[in-house]
Amino acid sequence: MLRAGAAYVPIDVETPEERARFTVEDSGARLVITTPYLAGRFAATGNPCLALADIPAEPADEVLPQTAPSDLCYV
């Protein structure tokens, strides 16, 4: 997430479908990362969905970029 300049917008799986879609649309998200089971909930937003199972794991020895309180990841 840090290298991509992404922000995390949590959506509870118990949230009604209409509210979950509103949250995605209102946040301006360009991509939804979810489980295959829940991907259909976000189809109406027009955002591409990426299933967690499809994301390759990063090597454990990789050095992460330095961050500061002004970075998006701290919001």
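Refer to the preceding data block for the structure.
Residues numbered from 1 in each chain as written. Predicted model: local features only at pLDDT ≥ 70, side-chain atom pairs only at ≥ 80, totals over all residues. Heavy atoms only, no water.

*Asks:* Could you give an account of the overall build of the protein chain, with specific residues and numbers?
*Replies:* The secondary structure content of the protein chain amounts to 1 helix and 2 strands. Listed by position from the N terminus, the elements making up the protein chain come as α-β-β. Within the protein chain, the fraction of its 75 residues that count as buried is 16%. Pairs at least 24 residues apart make up 30% of the contacts formed inside the protein chain by residues separated by at least 6 positions. Carbon and sulfur atoms make up 57% of the accessible area of the protein chain, which amounts to about 6,000 Å² in all. (Helix = DSSP H or I, 4+ residues; strand = E, 2+ residues; numbered from the N terminus. Buried < 20%, exposed > 50% of the residue type's maximum accessible area, 1.4 Å probe, protein only. Contact = heavy atoms within 4.5 Å. Areas by Shrake-Rupley, 256 points an atom, 1.4 Å probe, with all protein chains shown as cover.)

*Asks:* Tell me what's going on with the pattern of salt bridges, and back it up with residues and numbers.
*Replies:* The full count for this structure, using the stated rule, is 1 salt bridge. Put simply, Glu-17 and Arg-21 hold a salt bridge, and the shortest N to O gap is 2.8 Å. In this pair, Glu-17 and Arg-21 are both assigned in helix α1 (residues 17–27), 4 residues apart and thus about one turn of the helix distant. In this structure Glu-17 comes out as partly exposed when scored by relative accessible area, which is 40%. The exposure class assigned to Arg-21 is partly exposed, which follows from its relative accessible area of 22%. (Salt bridge = Lys/Arg side-chain N within 4 Å of Asp/Glu carboxyl O.)

*Asks:* Run through the environment of Pro-36, naming residues and quoting values.
*Replies:* As for its position among the elements, Pro-36 is in the loop between β1 (32–34) and β2 (49–51). For Pro-36, a relative accessible area of 60% translates into the label exposed. As a C-alpha pair, Pro-36 and Leu-50 span 14 residues in sequence and 8.1 Å in three-dimensional space.

*Asks:* Any chance you could break down α1 for me, citing the residues and the numbers?
*Replies:* Those residues of α1 lying buried are Ala-20, Thr-23 and Val-24. Down the axis of α1, the buried side of the element spans an arc of 95°, and every buried residue falls inside it. Looking at α1, the residues exposed on the side facing more than 90 degrees away from the buried face are Glu-18 and Asp-26. Once α1 finishes, Gly-28 follows within two positions and takes phi at roughly 80°, a positive value. (Arc of directions from axis to C-beta.)

*Asks:* I'd love a proper account of the side chain of Thr-15, names of residues and values included.
*Replies:* You can see Thr-15 is positioned in the segment before α1. Not counting residues within four places of it along the chain, the set of residues in contact with Thr-15 comprises Ala-20 and Arg-41.

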